[in-house]
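One letter stands for each residue in the lines below.
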Amino acid sequence: MTARVLDLGLKPYREVWELQHELHERVRTGLDPDTWIFVEHPPVITLGRNAKNANVLLSREALAERGVDLVEIERGGDVTYHGPGQLVVYPIRRLERFREVVPLVRALESAVIEACAHFGVRGERCEEHAGVWAGSNQLCAIGLAVRKMTSMHGIALNVSNELSYDRLINPCGLTDRGLTSLSRETGRTISIAQAREALLDAFAREFNVVMSFDKLRMTSRQAHHDTARVVA
């Protein structure tokens, strides 16, 4: 099975959110194959269905002064921050049964843990919270929405981003855990391109698919990565 990959570079959250909805309908109805969006966002805070306003530590006005957008969305979970240096992946996939939602979360976690291991970082699950952790520090947040048996939203992997966003929010509503990134854990700068390659390989194996770039939507920096990845 082949899955389409769109590498969008750095794009505003609302623009990609709209694209997710468009692709969700096309994937749901079989017009498009399962599609994985890879993207970075300018600073934005998203509020999931279970978000508590108290977990946003600044007013909308104060956030706007700092250039941080605030968007209420339909994914699960609480409050999440996205910013440059964080790799966000949105898997838009058809599910055969609704009970596949939890296995999808677990599969995403497994793939992220595998990608982290590529850099010598030990990622772990936490029983109480979805995502991937290095000790008590969050490496990757996960929040999905499933509508009409098709998923959207996804993961946010801290690669080389600024980690002081806990001054803006309580990430995922948690006050007893910290934040980390691949770059902090390794003590060297990990690039978005390196993290993307590791995730692509891990997703291909975990989901048993060929990850193929859509050349119509590729960025120029991605032109040399147009070879499909075949699962071993």
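Above: the structure in question.
Structural notes, computed from the coordinates. In this text, all values refer to a predicted model and were calculated from it rather than measured experimentally.

Of regular secondary structure, the chain possesses five helices and 12 strands. Counting every position in the chain, which comprises 232 residues, the buried fraction comes to 55%. Long-range pairs, those at least 24 residues apart, make up 75% of the contacts in the chain with a sequence separation of at least 6. Working note: accessible area of the chain is about 10800 Å², and carbon and sulfur atoms make up 47% of it.

A few words now on the pairing of strand E3 (residues 44–47). Here E3 shows no split at all, with Val 44 and Thr 46 on one side and Ile 45 and Leu 47 on the other all buried. Once the chain exits E3 it traverses helix H2 (residues 60–65) before rejoining the sheet at strand E4 (residues 69–72), and the crossover so formed is right-handed.

As a further point, take the sheet that holds strand E5 (residues 79–82). The strand order E4-E3-E5 describes an open sheet built from three strands, whose pairing is mixed. Edge positions in the open sheet fall to E4 and E5, since each of these has one partner strand only. Sheet twist, expressed as the average angle between the axes of neighbouring strands with direction ignored, equals 20°. Relative to E4, E3 is paired through four bridges, and the arrangement is parallel. Along E4, the bridge assignment pairs Leu 47 with Glu 72.

In this section: the pattern of salt bridges. Counted under the stated rule, the structure contains 13 salt bridges. A salt bridge links Asp 34 to Arg 94; its shortest N-O distance comes to 3.8 Å. Of this pair, Asp 34 sits in the loop between helix H1 (13–28) and strand E2 (35–40) while Arg 94 sits in the loop between strand E6 (86–92) and helix H3 (101–118), placing them 60 residues apart in sequence. Of the residues examined, Asp 34 reaches a relative accessible area of 9% and is grouped as buried.

Counting 41 residues, the largest nonpolar core has Leu 199 and Phe 203 as its most contacted members. Core analysis: the next-biggest nonpolar cluster, separate from the first, contains 17 residues, Leu 23, Val 71, Ile 73 and Tyr 90 among them.

Helical geometry note: an α-helix holds 3.6 residues per turn, so side chains three or four residues apart project in the same direction. For H3, with 18 residues, the first-to-last C-alpha span of 26 Å sits near the 26 Å given by 1.5 Å per residue. Turning to H3, its buried residues number three or more, namely Val 101, Leu 104, Val 105, Ala 107, Leu 108, Glu 109, Ala 111, Val 112, Ala 115 and Cys 116. Immediately beyond the C-terminal end of H3, within one or two residues, lies Gly 120, with a positive phi of roughly 80°.

Glancing now at the packing of aromatic side chains. With the rule as written, the count across this model stands at six aromatic pairs. Look at Trp 36 and Phe 207: their rings are 5.1 Å apart centre to centre, the planes differ by 70°, and that puts the pair in the edge-to-face class. Here the residue Trp 36 occupies a position in strand E2, and Phe 207 occupies one in helix H5 (residues 192–207), the gap between them amounting to 171 residues. Each member of the pair Trp 36 and Phe 207 is classed as buried. Judged by centre distance (6.3 Å) and plane angle (70°), the ring pair of Phe 38 and Phe 203 falls under edge-to-face. Taken together, the positions of Phe 38 in strand E2 and Phe 203 in helix H5 put the pair 165 residues apart, joining distant regions of the chain. Each member of the pair, Phe 38 together with Phe 203, is buried. Here the aromatic cluster, defined as three or more aromatic residues joined through ring pairs, consists of Trp 36, Phe 38, Phe 203 and Phe 207.

Turning our eyes to something else, we now look at H1. Here H1 is 16 residues long and its end C-alpha atoms lie 22 Å apart, about the 22 Å a rise of 1.5 Å per residue gives. Here H1 has its buried residues at Tyr 13, Val 16, Trp 17, Leu 19, Gln 20, Leu 23, His 24 and Val 27. Taken around the axis of H1, the buried residues stretch over an arc of 160°, which confines them to a single face. A positive phi of about 85° marks Gly 30, the residue just after H1.

With that out of the way, let us pick up unusual backbone geometry. Positive phi is not limited to glycine here, since Lys 148 has a value of about 50°. Counting through the fold element by element, Lys 148 comes out in the loop between strand E9 (137–147) and strand E10 (150–158).

Reading the values: rules and limits
Every chain is numbered on its own, with residues counted from 1 as its sequence reads. Whole-chain, interface and lining totals are the exception, using all residues; otherwise, since this is a predicted model, local features are given only for residues with pLDDT of at least 70 and side-chain atom pairs are given and counted only at 80 or more. Side-chain numbers here rest on the full set of heavy atoms in the structure, without hydrogens or water. Helix and strand definitions follow DSSP, with helices as H or I runs of at least four residues and strands as E runs of at least two, each counted in order from the N terminus. Relative accessibility thresholds used throughout: buried, under 20% of the residue-type maximum; exposed, over 50%; partly exposed, between the two (1.4 Å probe, protein chains only). Whether two residues are in contact is decided by their heavy atoms: any pair within 4.5 Å suffices. Computed by Shrake-Rupley with a 1.4 Å probe, the accessible areas treat only the displayed protein chains as cover when residues are assessed. For the handedness criterion, the strands are oriented away from the viewer, and a crossover whose path from the first strand over the helix to the second runs clockwise is classed as right-handed. Note on pairing: two strands pair once DSSP finds at least 2 bridges between them. Angular values range over 0 to 180 degrees, each being the angle between N-to-C directions of two axes fitted as lines to C-alpha atoms, with helices fitted over their stretch in contact. One speaks of a salt bridge when a side-chain nitrogen belonging to Lys or Arg is within 4 Å of a carboxyl oxygen belonging to Asp or Glu. What is meant by a nonpolar core is a set of buried Ala, Val, Leu, Ile, Met, Phe, Trp, Tyr and Cys residues, joined one to another through side-chain atoms within 4.5 Å. Multiplying 1.5 Å by the residue count of a helix minus one yields the expected span of that helix. When two rings of Phe, Tyr or Trp (its six-membered ring) have centres within 6.5 Å they constitute a pair, described as stacked for plane angles under 30 degrees, edge-to-face for angles over 60, and tilted for the intermediate range. The arc under discussion is defined with respect to the helix axis, by the directions toward the C-beta atoms.

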